[in-house]
Number of protein chains: 8
Amino acid sequence: MTKEDLEKLLQGVQEGKITVEEGLKMLKELPYKDIGIAKIDYHRELRKGQPEVIYCEGKTTAQIEQIISEMLKKNNNILATRANPEIYKCIQSLCKEAEYYEMARIIFIRKKEFICPKTYIAVVSAGTSDIPVAEEAAVTAELFGNHVQRIYDVGVAGLHRLLGYLDVIQNAKVIVAVAGMEGALASVLGGLVDKPVLAVPTSVGYGASFRGLSALLSMLNSCASGVAVLNIDNGFGAGYMASMINKL
Amino acid sequence: MTKEDLEKLLQGVQEGKITVEEGLKMLKELPYKDIGIAKIDYHRELRKGQPEVIYCEGKTTAQIEQIISEMLKKNNNILATRANPEIYKCIQSLCKEAEYYEMARIIFIRKKEFICPKTYIAVVSAGTSDIPVAEEAAVTAELFGNHVQRIYDVGVAGLHRLLGYLDVIQNAKVIVAVAGMEGALASVLGGLVDKPVLAVPTSVGYGASFRGLSALLSMLNSCASGVAVLNIDNGFGAGYMASMINKL
Amino acid sequence: MTKEDLEKLLQGVQEGKITVEEGLKMLKELPYKDIGIAKIDYHRELRKGQPEVIYCEGKTTAQIEQIISEMLKKNNNILATRANPEIYKCIQSLCKEAEYYEMARIIFIRKKEFICPKTYIAVVSAGTSDIPVAEEAAVTAELFGNHVQRIYDVGVAGLHRLLGYLDVIQNAKVIVAVAGMEGALASVLGGLVDKPVLAVPTSVGYGASFRGLSALLSMLNSCASGVAVLNIDNGFGAGYMASMINKL
Amino acid sequence: MTKEDLEKLLQGVQEGKITVEEGLKMLKELPYKDIGIAKIDYHRELRKGQPEVIYCEGKTTAQIEQIISEMLKKNNNILATRANPEIYKCIQSLCKEAEYYEMARIIFIRKKEFICPKTYIAVVSAGTSDIPVAEEAAVTAELFGNHVQRIYDVGVAGLHRLLGYLDVIQNAKVIVAVAGMEGALASVLGGLVDKPVLAVPTSVGYGASFRGLSALLSMLNSCASGVAVLNIDNGFGAGYMASMINKL
Amino acid sequence: MTKEDLEKLLQGVQEGKITVEEGLKMLKELPYKDIGIAKIDYHRELRKGQPEVIYCEGKTTAQIEQIISEMLKKNNNILATRANPEIYKCIQSLCKEAEYYEMARIIFIRKKEFICPKTYIAVVSAGTSDIPVAEEAAVTAELFGNHVQRIYDVGVAGLHRLLGYLDVIQNAKVIVAVAGMEGALASVLGGLVDKPVLAVPTSVGYGASFRGLSALLSMLNSCASGVAVLNIDNGFGAGYMASMINKL
Amino acid sequence: MTKEDLEKLLQGVQEGKITVEEGLKMLKELPYKDIGIAKIDYHRELRKGQPEVIYCEGKTTAQIEQIISEMLKKNNNILATRANPEIYKCIQSLCKEAEYYEMARIIFIRKKEFICPKTYIAVVSAGTSDIPVAEEAAVTAELFGNHVQRIYDVGVAGLHRLLGYLDVIQNAKVIVAVAGMEGALASVLGGLVDKPVLAVPTSVGYGASFRGLSALLSMLNSCASGVAVLNIDNGFGAGYMASMINKL
Amino acid sequence: MTKEDLEKLLQGVQEGKITVEEGLKMLKELPYKDIGIAKIDYHRELRKGQPEVIYCEGKTTAQIEQIISEMLKKNNNILATRANPEIYKCIQSLCKEAEYYEMARIIFIRKKEFICPKTYIAVVSAGTSDIPVAEEAAVTAELFGNHVQRIYDVGVAGLHRLLGYLDVIQNAKVIVAVAGMEGALASVLGGLVDKPVLAVPTSVGYGASFRGLSALLSMLNSCASGVAVLNIDNGFGAGYMASMINKL
Amino acid sequence: MTKEDLEKLLQGVQEGKITVEEGLKMLKELPYKDIGIAKIDYHRELRKGQPEVIYCEGKTTAQIEQIISEMLKKNNNILATRANPEIYKCIQSLCKEAEYYEMARIIFIRKKEFICPKTYIAVVSAGTSDIPVAEEAAVTAELFGNHVQRIYDVGVAGLHRLLGYLDVIQNAKVIVAVAGMEGALASVLGGLVDKPVLAVPTSVGYGASFRGLSALLSMLNSCASGVAVLNIDNGFGAGYMASMINKL
């Protein structure tokens, strides 16, 4: 609830346009829709001009169907993450224009066009196995209305591959660095460029990578400044935040 | 063994109503029934007026069948947690009136009615994915004889959703807060209400949630007072303890 | 902000008694006092009839002095936890009647009397080394207006010591169980009594106790129901929540 | 290589009965048989009068078959742990008299009779779900030539169940305590009896039991003396060591 | 080495203005100064228009003195973090105008003025004990040429305190959220505002906070989007990155 | 409370020799003495013929003095572990004959003689730095009435040193293996001898030894059978249990 | 990019043989081939005379096929690790001479012969279950052009088995020690031989082995010098580095 | 005990030059000297031509004095690691020529000259704070008879600093890479050079570096091949093993 919302509401009440009961009701019911299993948040959409998002992991297909059916009534763009093909099949039957980005595990329902800023986001990944997470970030950023440059498989084991793309990386407004194993890519990028680096550790690796812990700790302890870290495998979060920064 | 039990037994022995051998036997055999693979504890039922409980995880269906068959001889209410549909099918063949709460994974066999106190328990969950654990808590509390108010999907990412339900939460006698990921719901509730909050971290999340560790640590470190924590995903424990407090 | 507060405020605005600007200001300034380094929360006191609390660890003596000076203007009871003798000396010079509970590391300034419920809280500790944490719980509960029964050094290595006090523990309304090392006391108590047990793991132990982790995990995994867990060494939290339950 | 072995070998060489080359060969080849994938150790059998043991987990059925075929040539008792029914089927085709202890996951091939000491080992388990590990300990101890008393499902949540069996536990020469979850059984037993307690944490539990870590730490931090700890789920190890102590 | 640098160098060589030997030397010697114990990096300054930074922890006072003496020759602004009063005393004797920000543990030597953008950074902290880390972030951002708004002691245990400052937080271009214990502040802020939140967990807390681990995991698992995380207690890193974003 | 104790008490009550009230009192008061800060357990002494033990860490010198003063009334042997010189000085003033084993940090007060079995315990340590823990085990075992053979500094980095003492180790009735760092000594001993090995990990080491965790895990995962593990640095526990086994 | 490469390039530019544009292009495109999902690194091959390597885990079969198709154009030896039979089948259809080392999970495509040094590498494993990792090391080393001696199943539980092979181990130029569980083999070897030991912990074990953590920590804390450690189950890494050392 | 030693001994016995008793004694007493608190191992010296080493941490000054006094009788070079100035003062009084390398915390007593191979070892460190560990490695390698090139403060945050030294690093026979924080230096070096890299994580860092855990995991998970890892802060181990490889 922003200051403006409160002010407007109070003025409405003062001027008699809104009764006390109505005021209370508005405070409680306006910004979301309660469908029992979920409270759909329209607030974010209104405030941010961005798609409704639904995180599919841990929800049954039936729950997802119910939530998206409700969302569809509002005619907003809808973005579903961590969606498997079975979920896509179900959503497609609800809404034909639903698109599926398989590598990124994202379903997108386009209801409105968006205008992209001219600047772009660079999404850089260390290895081929990190691509699903990198794609989640890249596709999210694109669907939130941004241009994205992908630079994949440029891990520090072959530094010359990374150095070859330095200019495209350096010219981005913000960089998403996706790496598993030892996650050194984030530190190396942080040292080479003067743009914010959003580091996404991935669970790629084995043994003492402890499902992404190694890359996570590495990125948190980056000796280079200008690096902030997302949760392990959180491509969506990185794409979302990169979009936020790219649009500043 | 309470003081009263001991006193009664000693008096029986002193008055010659109970022989020494009988006294010893009573001390050893009275409160449970040994069926080889398990020692069924009737003590709790007698003492607490609550259902017999059986935790199904890690037991074979055959063992569960054997234990419940024995329990059925006593004509008490029986509650089985973490029960999958296969177990339910088996129990149903033993006892037709067995009910299955699928979301909560609970089987209930009702043999006696119970009287509920007028006060109620609020079960609050952060996300849709936390509902199975929340339901385990809510159904347990109901089957132990309590009124329950469910408020689901009110995580702190959309604080206005939570604030809209503040009065129903504040008027409960005790609150169960169920959340995965960063588990911030418990702290926020602890700061907003002046009732005991039983916090249940869930294993919902990924990456650095480490199967519920993140929410668990969060809840243990709550900056708000009046919050105590149950094991990860332990909806039953929260429902049980909330019932205990609601009946005080 | 409860529903009633909002209703009252909106009515005041509607009736013209409160201007829009005043309404906004009230929403922002009423419940706390900003003294730069801290925002003292009078809300809690008004709402809960309990002392102001200040946690001293991590604050400089100068900060504590400044905060308590401000608090003293309100004439409420004040309770400072994790206070060392140096802090006490400083507070005493601000306010002569400040009392120091050395074992519990608590400073108390009594400005109002409180009425205790007739029921009592049992504070049970496993070993002599756990007494500081147990005392923090016991003294907190007393200063929040409760009768407390202390039963110390009754760890499970000598079970007969614990069984000797079973009646006084069983007759409490709520039990605080304080234990380090393997923390088995909580499970044993949870199995013996039918009252809520608030378990406080302590950092007492060495080696694989990992500064309380062992007792913490033990208590979270209690095979007995009716046990909820506080943070390691969080005697204050247990005393606070026990008080809350004892007053229900 | 014991002192006696060395002495005998050196004397043989000195007396010319053994050449230097033969001496070297004996030092290298005597106590085991190299079959490529494994070096079967006959040393242990000769020295200890106990069965050959093969741990099946992590070995292919073909490897197990090859190892047991080789072992069968020596006519010793053979004990295979962590054996699933498929392995049993394969071994049975090698050797008809192979017996399968399903709950304990042990295959036994009896070639020699053994004499049991008169004293016995008590195997105590906390819950029904701990029985597979307890059985692994009990069956191992029996097959190594010991009498075993099983006391199952006597966890500390119902202390009276445990106290009822105190005499049979107290009269054992050594006690194996098997428990998951918070593992408090070991501490309680350690406090009640004056015999060595071999504690086996199990991976039974969920959430913050972290697959047995909770019980493991609990047992290591036992406030009672006379408790030593085996690896999580290591029923075999406990049965083996209990046998060793029982035969002292 | 950016594309432009390479291009210029190659052109110089092609045009004969730079010999091959000189070219090689430039590639190796230009951007840093080797003083034995350290290689001072002037590259960053030239490229970024920001102060030279030295991290004092783990360096001896003598090493710091030697490094700063060398840096002073370049007449750039110099910023030393994690500096104790003893180090300040030493630096002051090297350079009179050195300023010490005690709470932030920062020494600053001002040689050049900087122009601040009109937008500002909000630095929000949960508790009084988090102020040193918050100040490290705030002072760093200011010394890198930014306006900063400080909002301290607004942890989620008293949500109304935070809500009172919502407009000043919402109007910032980027937000630094500093919190220890359960670190819920980051999630709550992430849900309330639509600006990037840089979350800094602090080591404030005790017991199961495990020196900041609890807050760190909480922030990484934030259920709100738009939150990225710095290392525990890394106020400098947050100030640096916030400055980078504020200047975009 | 053994079966015999109960039987005797019940008979006394039956025969009228003991009143019900007396019976109750006996059940509660007999086996320990409550001195407020501690409940001294005489039960153990009576049952086990072993010294009273007091663990000094985490207790104030005043508490230790009070506990030992009370113990001295019973004329039993008293053993205080983890005692520093300051505590010794205090105890010496209470009781002149108190002896101090400095390396083992043990104080012993001898009131009764004890008879040792002819068999002995071998205490084996890996390095010079492990000697304090090894001495705690060895001195404890001696003071509980056992012969001990010490074999120190025979870690596996120089296997020939260990092999040289194989006969004295092999002829012991039970072996205590004390090692820090990687703790391989326990496995090697377990493979070489056919006696129970009580393994004590020590906190000796640095870096990834994580204060004894490395040795602890090593010993728990010993590939040799016949090894059970005590807590990190728990020399007392090993000496106590070795004594128990040696006296079987 | 070595000094020589730079020098050559600059000279080419200076002499007019290479234009500035070409120079830039060479710097960026020479050492790898971008096929979208991967950037194949020919640099390593040219520099090191060793096969191209592809790590299959985490890549789809389609990706692996695409990468190897590209690699085949260069006519180098190709080595694919962590390859399952399904991948082999696919690769075989691309290239008939592909060989599959099933135990080692390695596919090899031989295009060039290599000359082996006369010295050899000893690959030593503790147990039968460790053989897959040991084979990965051994086969890798052989395919990189080395002679290998395998000594398997010589864990420290039967030390005489290991001692029997001491001369073949001692005469190797470098030793790979592969062990799970407590990983003591590395320390024992490190103490017995004076050659570099590359220790590979395996995830073989259960319970407190925590999927190889126990062996990993053991090996890192080896009390013997001359031991360095690879990631858990990283047989390839050990074989690669052993080859590097053997060829020095 | 090598094959040759055994052969010689057996021949001596066969030829009557050595009696059986003497043979046994030789097997047990030859290679070390028992001085009670330690068993000094001369074996290593004889076998390896390298100095006697004593690790000082965890030993009292008196113990170190006693051990070195004994060592001095043999006239070998002696190297003491982790030695503080107090220990040096004590050793100097035993032996005037003892030298102290303060940064490396090493004491060296030179009794014999050694010949260095012509190849050299490169010791590379990431930051100024890592120098003590790097110096421990470098000085150890020098005192074991090797040429060492030091390249310090070339962490990946300023990659150009590292690239400037690539030729001196590439020309070494073996490389020691010392880094704390995120430890990315090891991966970057592993990718740039084709020589074995011995990686030493340091405890330099704060927060989520967890005293070196972050760098340790990073290095273990290096995406570049040819990297093996030592314990945290184990400069000695790296210097020792680098010497071993340099002398191959």
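Residues numbered from 1 in each chain as written. Chains lettered and ligands numbered in written order. Predicted model: local features only at pLDDT ≥ 70, side-chain atom pairs only at ≥ 80, totals over all residues. Heavy atoms only, no water.

A. Quick peek at the overall build of chain A. When its secondary structure is counted, chain A shows 11 helices and 11 strands. Out of the 248 residues in chain A, the part that is buried amounts to 66%. The contacts in chain A between residues at least 6 apart in sequence include a share of 66% that link residues at least 24 apart. When the accessible surface of chain A is summed, it comes to about 8500 Å², and 52% of that surface belongs to carbon and sulfur atoms. (Helix = DSSP H or I, 4+ residues; strand = E, 2+ residues; numbered from the N terminus. Buried < 20%, exposed > 50% of the residue type's maximum accessible area, 1.4 Å probe, protein only. Contact = heavy atoms within 4.5 Å. Areas by Shrake-Rupley, 256 points an atom, 1.4 Å probe, with all protein chains shown as cover.)

B. Examining the sheet that holds strand E6 (residues 106–109) of chain D more closely. Residues and elements named next belong to chain D. A sheet is described by the order of its strands in space; here four strands give the open sequence E3-E4-E6-E5, paired in mixed fashion. Each having just a single partner strand, strand E3 (52–55) and strand E5 (99–101) make up the two edges of the open sheet. Pairwise comparison of adjacent strand axes, ignoring direction, gives a mean angle of 20° for this sheet. Of the pairings in the sheet, the one linking E5 to E6 comprises three bridges and is antiparallel in character. Counterpart to tyrosine 100 in the pairing with E6 is isoleucine 107. Contacts from helix H6 (residues 131–143) reach strand E4 (78–81), E5 and E6, with the element oriented near 10° to E6. (Pairing = 2+ DSSP bridges. Axes fitted to C-alpha atoms, helices over the stretch in contact; angles between N-to-C directions.)

C. Region of the structure containing the relation of the copies chain E and chain A. Note on the identical chains: chain E maps onto chain A by a rotation of 180° and an axial translation of 0.0 Å, with an RMSD of 0.1 Å. Interpreted geometrically, this transformation is the action of a two-fold axis. For chain E, the residue whose C-alpha comes nearest the rotation axis is Val229(E), separated from it by 2.4 Å. Both copies present the same face, since 100% of the interface residues in chain E are matched by interface residues at the equivalent positions in chain A. (Least-squares fit on C-alpha atoms with pLDDT ≥ 70 in both.)

D. Main features of the sheet that holds strand E3 (residues 52–55) of chain F. Residues and elements named next belong to chain F. Here we have four strands laid out as an open sheet, ordered E3-E4-E6-E5, and mixed in their pairing. Looking at strand neighbours, the two that pair on one side only are E3 and strand E5 (99–101), the edges of this open sheet. Averaged over all pairs of adjacent strands, the angle between their axes in this sheet comes to 20°, without regard to strand direction. Where E3 lies against strand E4 (residues 78–81), four bridges are found, and the strand directions are parallel. Looking across to E4, one finds that tyrosine 55 is bridged to threonine 81.

E. Inspection of a positive patch on the surface at higher detail. A grouping of Arg211(A), Arg211(B), Arg211(D) and Arg211(G) is seen on the molecular surface, where their side chains present a positively charged patch. With respect to the helices and strands, Arg211(A) occurs in the loop between strand E10 (197–201) and helix H10 (213–220). The exposure class of Arg211(A) is exposed, given its relative accessible area of 57%. (Patch = residues over 30% accessible without salt bridge, like charges linked within 9 Å, V, L, I, M, F, W, Y side chains within 5 Å. Salt bridge = Lys/Arg side-chain N within 4 Å of Asp/Glu carboxyl O. Lys, Arg positive; Asp, Glu negative; His and termini not counted. Charge placed at Lys NZ, Arg CZ, Asp CG, Glu CD.)

F. Up close: the pairing of strand E4 (residues 78–81) of chain E. Residue and element names in this part refer to chain E. With burial as the criterion, each face of E4 is covered, one bearing Ile78 and Ala80 and the other bearing Leu79 and Thr81. One crossover worth recording links strand E3 (residues 52–55) to the parallel E4 by way of helix H4 (residues 61–72), and it is right-handed. Note: E4 against strand E6 (residues 106–109), three bridges, orientation antiparallel. Bridge pairing links leucine 79 to phenylalanine 108 in E6. (Right-handed = clockwise from strand over helix to strand, strands pointing away.)

G. Fine view of the interface of chain C and chain B. At the interface, 35 residues of chain C touch 35 residues of chain B. Summing both partners gives a buried area of about 2900 Å² for chain C against chain B, and 64% of it is carried by carbon and sulfur. Sorting the residues of chain C by area buried against chain B places Leu220(C), Met241(C) and Leu248(C) first, and these three jointly supply 19% of that buried surface. Our count for the chain C to chain B interface comes out at zero salt bridges. There are three residue pairs in polar contact (both at pLDDT 80 or more) connecting chain C and chain B. Those elements that place two or more of their residues in the side of chain C that touches chain B are helix H3 (42–48), helix H8 (166–170), helix H9 (184–192), strand E10 (197–201), helix H10 (213–220), strand E11 (227–229) and helix H11 (235–246) of chain C. (Buried area = accessible area lost by both parts, 1.4 Å probe. Polar contact = N/O pair within 3.5 Å; in protein donor to acceptor, adjacent residues only side chain to side chain.)

H. Spatial organisation of the side chain of Asn77(F). Residues and elements named next belong to chain F. Along the chain, asparagine 77 falls in the loop between helix H4 (61–72) and E4. Note on asparagine 77: relative accessible area 7%, which makes it buried. Within the local environment of asparagine 77, its side chain forms a polar contact with the backbone nitrogen of lysine 111, the two atoms lying 2.5 Å apart. In this structure the side chain of asparagine 77 is engaged in a polar contact, spanning 2.8 Å, whose partner is the backbone nitrogen of lysine 112. In this structure asparagine 77 touches Pro51, Glu52, Phe108, Ile109, Arg110, Lys111, Lys112 and Phe114, once residues within four positions along its chain are discounted.

I. Local environment of the pattern of salt bridges. One pass over the full model with this rule turns up 64 salt bridges over all chains. For Arg161(F), the salt bridge identified is with Asp153(F), shortest N-O distance 3.9 Å. Given a relative accessible area of 9%, Arg161(F) falls into the buried group. A salt bridge links Arg110(G) to Glu99(G); the nearest nitrogen and oxygen atoms lie 3.5 Å apart.

J. Looking closely at the packing of helix H6 (residues 131–143) of chain E against helix H11 (residues 235–246) of chain E. All names here are of chain E. Two elements in contact, H6 and H11, have axes whose closest approach is 7 Å; the angle formed by their N-to-C orientations is 35°. Two packed elements cross with a definite hand, and for H6 against H11 that hand is right-handed. Contacts between H6 and H11 involve Val133, Glu136, Ala137, Thr140 and Ala141 on the former and, on the latter, Gly235, Phe236, Ala238, Gly239 and Tyr240. For the contact of H6 with H11, the class distribution of residues is six nonpolar, three polar and one charged. (Left-handed = near helix turned anticlockwise from the far one by under 90°. Nonpolar A, V, L, I, M, F, W, Y, C, P; charged D, E, K, R; others polar.)

K. Structural view of the domain arrangement of chain A. All names here are of chain A. Each domain of chain A was delimited in the assignment, giving domain 1 (31–109) and domain 2 (120–246). Placing the centre of domain 1 and that of domain 2 at their C-alpha centroids yields a distance of 26 Å. Counting residues at the interface gives 13 residues for domain 1 and 14 residues for domain 2. Buried surface at the junction of domain 1 and domain 2, summed over both partners, amounts to about 1200 Å²; 67% is from carbon and sulfur atoms. Our count for the contact surface shared by domain 1 and domain 2 stands at one salt bridge. (Domains from an automatic or database assignment.)

L. Structural context of the side chain of Ser214(C). Along the chain, the position of Ser214(C) falls in helix H10. Excluding residues within four positions of it along the chain, Ser214(C) makes contact with Met181(C), Glu182(C), Ala208(C), Ser209(C), Leu217(D), Ser218(D) and Asn221(D).

M. Structural detail: helix H9 (residues 184–192) of chain G. Most of H9(G) sits inside the fold, with nine of its nine residues counted as buried. All buried positions along H9(G) are accounted for by Ala184(G), Leu185(G), Ala186(G), Ser187(G), Val188(G), Leu189(G), Gly190(G), Gly191(G) and Leu192(G).

N. The interface of chain E and chain A, seen in detail. Counting from both sides, the interface comprises 35 residues of chain E and, opposite them, 35 residues of chain A. Where chain E abuts chain A, roughly 2900 Å² becomes buried across the two surfaces, and 65% of that area is made up of carbon and sulfur atoms. At the boundary of chain E and chain A, one finds zero salt bridges. Counting only elements with at least two residues in the side of chain E that touches chain A, the list comes to helix H3 (42–48), helix H8 (166–170), helix H9 (184–192), strand E10 (197–201), helix H10 (213–220), strand E11 (227–229) and H11 of chain E.

O. Geometry of the pairing of strand E7 (residues 120–125) of chain G. Residue and element names in this part refer to chain G. Counting buried residues along E7, six of its six residues qualify, which places the element largely inside the surrounding structure. Across five bridges, the pairing between E7 and strand E8 (residues 147–151) is parallel. Following the sheet pairing, isoleucine 121 is matched in E8 by valine 148. The β-α-β motif built from E7, the intervening helix H6 (residues 131–143) and the parallel element E8 has right-handed crossover chirality. Of the pairings in the sheet, the one linking E7 to strand E9 (residues 174–179) comprises five bridges and is parallel in character. Considered in E9, the bridge of isoleucine 121 is made with valine 174.

P. Fine view of the packing of aromatic side chains. Considering all chains together, one arrives at 40 aromatic pairs over all chains under this definition. Their ring planes at 70° and their centres at 5.3 Å tell us that Phe144(G) and Tyr240(G) sit as a pair that is edge-to-face. Highlighted residues: Phe144(G) in the loop between H6 and E8 and Tyr240(G) in helix H11 (residues 235–246), separated in sequence by 96 residues. In this structure, Phe144(G) and Tyr240(G) share a single accessibility class: buried. Put simply, the rings of Phe144(A), Phe236(A) and Tyr240(A) touch in pairs and so form one group of aromatic residues. Lying across the ring of Tyr206(G), Arg82(D) places its NZ or CZ 4.4 Å from the centre. (Phe/Tyr/Trp six-rings, centres within 6.5 Å; stacked < 30°, edge-to-face > 60°. Lys NZ or Arg CZ within 6 Å of the ring centre and 35° of its normal.)

Q. Focus on the confidence of the model for chain A. Confidence in the prediction for chain A averages 87 pLDDT; 86% of positions are at 70 or higher. The ipTM for the predicted assembly is 0.86, set against a pTM of 0.89. (pLDDT = per-residue confidence, 0-100.)

R. Quick peek at the environment of Leu220(A). Turning to its location among the elements, Leu220(A) is positioned in helix H10. Along the backbone, Leu220(A) and Asp194(A) are 26 residues apart, and their C-alpha atoms lie at a distance of 18 Å. When near neighbours in sequence (up to four residues on either side) are disregarded, Leu220(A) contacts Val229(A), Leu216(E), Val229(E), Leu230(E), Asn231(E) and Ala208(H).

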